[in-house]
Structures are given as C-alpha cells and as structure tokens.
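Observations on chain architecture
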Amino acid sequence: MSPSYRYLAQDWNGRKHRGKYAAPDLKEVLEYLQTREMVAIDLKEDTGLSRLLDAVTTRLPVKLRSRAGSRDLMIFCRQFATMIQAGITALYALQVLAGQMEQAGFRKRLQAVALSVEQGRSLSDSFRRQPDFFPGLLISMLEAGEAGGVLDSVMDRLAEHFERQHDLEEKIRSATLYPLFITGVALVVMGVMIFFVLPQFAQIFHAMGLEIPPLPGFLLKTGTLLRRYWPFPAALSAIALPGLYWYAQTNRGRVRVDRLRLHWPLFGALYRKTVAARFSSTLGVLIGSGVNLLTALELAERVVDNKTISLCINHTRESVSRGRLIAESLKTGAVFPPLLVEMVRVGEETGALDKMLSRTAAFYEREVSYIVERLGSMLEPVLLLLVSLFVGLLVLSIISPIYRVFQMI
C-alpha cells in the first residue's frame, strides 16, 4: 500500500488547499498537484510522528535558519521549475514563492533574491549574493541553466537531487531516533535509581543490619561522590568541552575528527557510503547540467563536509587540471570505495561520466538505506535487552538479601 502524504498547496488564484494523497513517492504527489494547477507549499508523509511534531512546532516561535535545508530546497526547486515551465517569468515566480514560503529564513532570502533580480542582476548572481544560505551547487547550476537556456530542466534535476538527499537524511534520522530515545530513557532510569531509590534502600539495609550488595554499593558510592563533589566534574566539563570543540574547528583537529568518523566501528562504513553517495550525486548533477569539471569538483569538495575527503578531492582537482584522469587521482587518495573509482573510470572511458555517477549515487543511497534499516533493527532489541538486564540485575541484587531475611523470620 502506498504511503499517504499531507499537502498544503496554493493555486494560481492565491487560494490555499490542504489535503491528503496516496502515492509511492513525493514526485508523484507534486505531479498530481501540478495537474490541478496547484503549487506545493508544504508536503510531508502522513505519519503519527509527523502529526505530533507538527502539533509541537506550530506552537513554537519561527526561527531563522543559518542554511537552507534539503526539504525546503527540494520544494522550492520543484515549484520554481513548474512555474518556469508554465511560462511565468523568473522574477514573478520568485515573488510568488517568496510570499508563500512558510519557513521565515527561506522567505527572507528569496525576497532579497527577487529584489536583486528586479534591480537588473542575473538570477545566478542574485542567489550568489546569499552564499551563507544557498548552497554553491544551486548557484552553479542556475548559472549553467541560464547560459544554456534550460533553466526549467536544471531546476527539475536539482529538485530530484535534493529530494534524494532529503529522503536519505530522513531515513538516517528515523533509524537513529529510537535508539537515542532508548539510551536517554536508560540514563534517566540510572539517574533515578542512583540518586533517589538506592539511598532509600541503603537506609533499610543499615536498619536491618545487612551488607549492601556489590553492584548497588558501587552505584551508591558513585552517586554519593557525584552529589558531594559535583562542582569538580562540572568545572572539568565546562573547560574540556569548549576546548575539544575549539580543537575540532582547527584544521588539524578537523582532519583528525573527520578521519576518525571514516573509521568508526560499526558506523564508519555507513558514513563512508553516505559521503560517497553525496559526492557522486553532486558531481553527476553538476556535470550533467553542463558545469565545468573543475568547478564541479570544487563544489563537490564543499558538499562532502569531511576534511579528509575534501583534501582528496582537492588533490584530484589539481591533478585533473594537469591532465590526469579523475579515476586515477581518486584511487591515489584511497578514501573513496573502489566501486566508485571504477564507475568513474568507466564513465571517463565511455564519455558518460554524469550517468555513471548518477548510477553510483543511486547504488550507495540504496546501500545506506539497507545499512540504516539493518542497524536500526539490530540496535533496538540490543539496547532494550541491556536496559532490562541492568535494571533486572540491580533490582534482584537489592531484593535478594531482604527476601532471605524475611525467610529467616
């Protein structure tokens, strides 16, 4: 059965419409709205969690984002492409979209872009004046679309790119939400047991002349030390955490942290495949839209968000500028999976590099989805089992001595 999507859309007369539509994916929902001459303002899968989040977020004040999110970019690109294909000018389309954007930060930036276009600047130059919000990928592809007169198809390609990126982010977020929730509950349970429950049982043990079992005794001593000397770990954390954060922002620290992320036990493979999917998708979209190869590599270097891999891409860009093949340079860096390197090699040999990169991105996106689902299904029962064992062992170690005393009475 296809999932159901909730939408808020606006027709050409400015009227807003809310509703639900069952479809295999977001693209089909957008096409459904387009056939009814409506543009999506808000679109998301109809789940119990999404309804709960909507109920909470509608009561919170709107905050400006520092950068555009993949979901907002996906919806904007799809709407913009639809309006351009309908023969609406870019300026009027920007003005309409800026007026209906619910995300305040996005709305403010689109208004600035529309004003810049109205003043006579090109579309890409107007977006380039907001580099801290809009990604370089969007700006470069807009420039290529304007130069080639294919702005609508470029925006469609961008919308598909951001849609895949958003779906991947949502799958990772959904898979990690429940394990994080279980971990948080476990920490709360431990805190309650250590600071509130165990002291009460300690008084009972002392009153009955019983020796406190090893596990409750260790936890009780730990809680006593934390209550008595809490300023010391608090001061240490206040000094260490900002220090570690500052070090992670330096070039040396960022390289070490990013290298560690690539080799994390259990999660390193997932992270490497995620970065490979992002790199392949970005580079494929840029090359397929007519962006210069060196410029495409420079933008892909920024997108991967990993200093170690960025250095490899930077080295690749320098090697390509000297006449070497991309695959040879990527293989020398030894950070990308061998499959990606071989696909790039085939793409260079056949002259279909953008298609090969798109296939590679699709492959790694499926791999990431599979790994995320498998990790989620593995972590949930393991965490529940660990929490249950800890609580059960603690309760058993407390109740057993008391039970023996009552048997002797």
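Since the structure is predicted, the reported quantities are computational estimates derived from the model, not experimental observations.

Some details on the packing of helix α10 (residues 231–249) against helix α11 (residues 251–262)
For any two helices packed against each other, one specifies the inter-axial angle together with the distance between the axes. Close contact between α10 and α11 brings their axes to 4 Å; oriented N to C, the two are set at 95°. The orientation of α10 relative to α11 falls into the category roughly perpendicular. Residues Y247, A248 and Q249 of α10 lie in contact with α11, whose contacting residues are N251, R252, G253, R254, R256 and V257. Within the contact of α10 with α11, the residues separate by chemical class into 3 nonpolar, 3 polar and 3 charged.

Examining helix α5 (residues 104–118)
A rise of 1.5 Å per residue sets the reference length of α5, with its 15 residues, at 21 Å; its end C-alpha atoms lie 21 Å apart and thus fit the reference within 8%. Restricting attention to buried positions, one finds in α5 the residues A104, G105, F106, R109, L110, V113, A114, S116 and V117. Check the buried side of α5 and you find it contacts α3 (70–85), α4 (90–100) and α6 (123–128). Directly after α5, the chain includes G120, whose backbone phi takes a positive value near 110°.

Focus on the packing of aromatic side chains
Applying the stated criterion to the full structure yields 10 aromatic pairs. Where F133 meets F134, the ring centres are 5.1 Å apart and the plane angle is 90°; that geometry is what we call edge-to-face. Grouping residues by exposure puts F133 and F134 together as buried. Between Y229 and F232, the ring centres sit 6.3 Å apart and the planes meet at 50°, which makes this aromatic pair tilted. Grouping aromatic residues by their ring pairs yields a cluster made of F76, F80, F106, F127, F133 and F134.

Here's the deal with the pattern of salt bridges
According to the stated counting rule, one finds 12 salt bridges in the structure shown. For R71, the salt bridge identified is with D72, shortest N-O distance 3.9 Å. Given a relative accessible area of 8%, D72 falls into the buried group. Salt bridges sharing partners connect three or more residues here, namely R78, D156 and E163.

Details of the confidence of the model for the chain
For the chain, per-residue confidence averages 79 on the pLDDT scale, and residues scoring 70 or more make up 89% of the total. Mean pLDDT in the chain bottoms out at helix α2 (residues 48–57), which sits at 48, and peaks at helix α16 (residues 338–350), which reaches 90. Within the model, the stretch residues 52–65 combines pLDDT values under 50 with 11 contacts to residues more than four positions away or in other chains.

Quick notes on the rules
Residues numbered from 1 in each chain as written. Predicted model: local features only at pLDDT ≥ 70, side-chain atom pairs only at ≥ 80, totals over all residues. Heavy atoms only, no water. Axes fitted to C-alpha atoms, helices over the stretch in contact; angles between N-to-C directions. Helix = DSSP H or I, 4+ residues; strand = E, 2+ residues; numbered from the N terminus. Parallel < 35°, antiparallel > 145°, perpendicular 65-115°, else oblique. Contact = heavy atoms within 4.5 Å. Nonpolar A, V, L, I, M, F, W, Y, C, P; charged D, E, K, R; others polar. Expected span 1.5 Å × (residues − 1). Buried < 20%, exposed > 50% of the residue type's maximum accessible area, 1.4 Å probe, protein only. Phe/Tyr/Trp six-rings, centres within 6.5 Å; stacked < 30°, edge-to-face > 60°. Salt bridge = Lys/Arg side-chain N within 4 Å of Asp/Glu carboxyl O. pLDDT = per-residue confidence, 0-100.

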